[in-house]
Amino acid sequence: MTLIIAGYKQKQFLWGKPQDYIPDRKSGIFMVADSLISTQTPGGRRALLSEFRKIVEIPIQIWEPHFVGEHFSDYIKVFTTYKCLVAFAGSTLTAQHIINNISGHLAKLRIDFENIEEFKCIVRMICEKNNLVKNGISSVYDDDIFIPERDYQNLVSAEFVSDVVEHSINKALESKMKHVIDIEALTAMRTEILLGLTCPVSRIDHLYKYHFLYREIPGEGVETYCQKELIQADEVGVLGMVNTYSTEALEIARNSFRTGTTFQEDITKFVVESVRNDNTNEIGLPVAVKTIEGNSVKQEFIK
């Protein structure tokens, strides 16, 4: 099992009414996680690994088109890189498959164009149809387009990144489903994800939770998929032992918002105490705390 709690950081040094202490989503995101991997055995639950990373930093790389004269050649250079945090709970094997798929998609985003009403640059996933690649060297592009300082700015929003992550998770689940034959196997592969990043366009922090869902397809069996949810400023995102800890975590958050600017510290203390008091081998030390604000990622470990 796992316990991960995430939320928006508060502004520091605030004085005022209680509503002023609700995060403004401009000060970063924190994630707090245990680090134990355990398994169920005939003799009870047993620990397998400690210090396992359940929060990972993933780069978001935007590749720019390379031209030789007036002709598109290839993508050989990264124009810019952003960062995001991804946390997971559930099946470790499924999670690794999902993380690999997310990393692969976010590392290969490419600047392309569309020219429906007017020319504009957009960013596409590597698995999407690409006009520059499709047209190849047969097309000629004037030197007054594809200007980085003008055409490559503000192309990637948090919403776009969240859509790429949702697509990546669903593609990973789609490939896993080829080997899943019943509800028991479906339960064993259950995995949920948190995504945290600062929007490169608006500079607003975004925390998303991706829920693991499934539906029965008549005559075809069971299909699994994820659905994203944007966590609001006065809420927390909880993964893993949700039924055990989510209600108390939300109460701690709301109390923090009424009394001051210790939200992150209070949640961290709650996770550490919950881990130390656990005697089920579901969760364990050390506890990892990671924060992201813009492209700045920091971490600490509590043993």
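The sections below set out a description of the structure shown in this document. If you're wondering where the values come from, they're calculated on a predicted model, not measured in any experiment.

1. A short note on the sheet that holds strand β2 (residues 29-33)
Each strand in a sheet pairs with another by means of backbone hydrogen bonds, the pair being arranged parallel or else antiparallel. Here five strands make up an open sheet; going across it, the order is β12-β1-β2-β13-β14 and the pairing antiparallel. What marks the edges here is a single partner per strand, and that holds for β12 (237-240) and β14 (296-302). For this sheet, the mean inter-axis angle between neighbouring strands, taken without regard to orientation, is 15 degrees. In the sheet, strand β13 (residues 287-293) pairs with β14 via seven bridges, with the strands oriented antiparallel. Along β14, the bridge assignment pairs Ile 292 with Val 297. The strands touched by helix α6 (residues 242-259) are β1 (3-8) and β12; relative to β12, the strand with the most contacts, the crossing angle is about 160 degrees.

2. Focus on the layout of surface pockets
In this model, the largest pocket occupies a volume close to 640 Å³. Around the largest pocket, the lining comprises 22 residues; the ones closest to its centre are Met 1, Ala 89, Gly 90, Ser 91 and Arg 190. With four residues, the top contributor of residues to the lining of the largest pocket is strand β3 (residues 37-41).

3. Some details on the packing of aromatic side chains
By convention here, two paired aromatic rings are described through the distance between centres and the angle between planes. Scanning the entire structure with this criterion turns up 15 aromatic pairs. Seen in terms of ring centroids, Tyr 141 and Phe 146 are 5.6 Å apart; in terms of plane orientation they differ by 85 degrees. Their pairing is edge-to-face. Note on Tyr 141: relative accessible area 9%, which makes it buried. We classify Phe 146 as buried; its relative accessible area is 8%. With a centroid separation of 6.5 Å and 40 degrees between ring planes, the pair formed by Tyr 208 and Tyr 210 is classed as tilted. Note on accessibility: Tyr 208 and Tyr 210 belong to one class, buried. Following the ring pairs from residue to residue traces out a cluster consisting of Phe 67, Phe 72, Tyr 75, Phe 113, Phe 119, Tyr 141 and Phe 146. A cation sits over an aromatic face here: Arg 215 above Tyr 225, 3.8 Å from the ring centre.

Scoring rules and cut-offs
- Residues numbered from 1 in each chain as written.
- Predicted model: local features only at pLDDT ≥ 70, side-chain atom pairs only at ≥ 80, totals over all residues.
- Heavy atoms only, no water.
- Pairing = 2+ DSSP bridges.
- Helix = DSSP H or I, 4+ residues; strand = E, 2+ residues; numbered from the N terminus.
- Axes fitted to C-alpha atoms, helices over the stretch in contact; angles between N-to-C directions.
- Contact = heavy atoms within 4.5 Å.
- 1 Å grid on protein atoms, 1.4 Å probe; cavity = no way out; pocket = protein on both sides within 12 Å on 5 of 7 lines; lining within 4 Å.
- Points joined across faces, edges and corners; volume = space filled by probe spheres on them.
- Phe/Tyr/Trp six-rings, centres within 6.5 Å; stacked < 30°, edge-to-face > 60°.
- Buried < 20%, exposed > 50% of the residue type's maximum accessible area, 1.4 Å probe, protein only.
- Lys NZ or Arg CZ within 6 Å of the ring centre and 35° of its normal.

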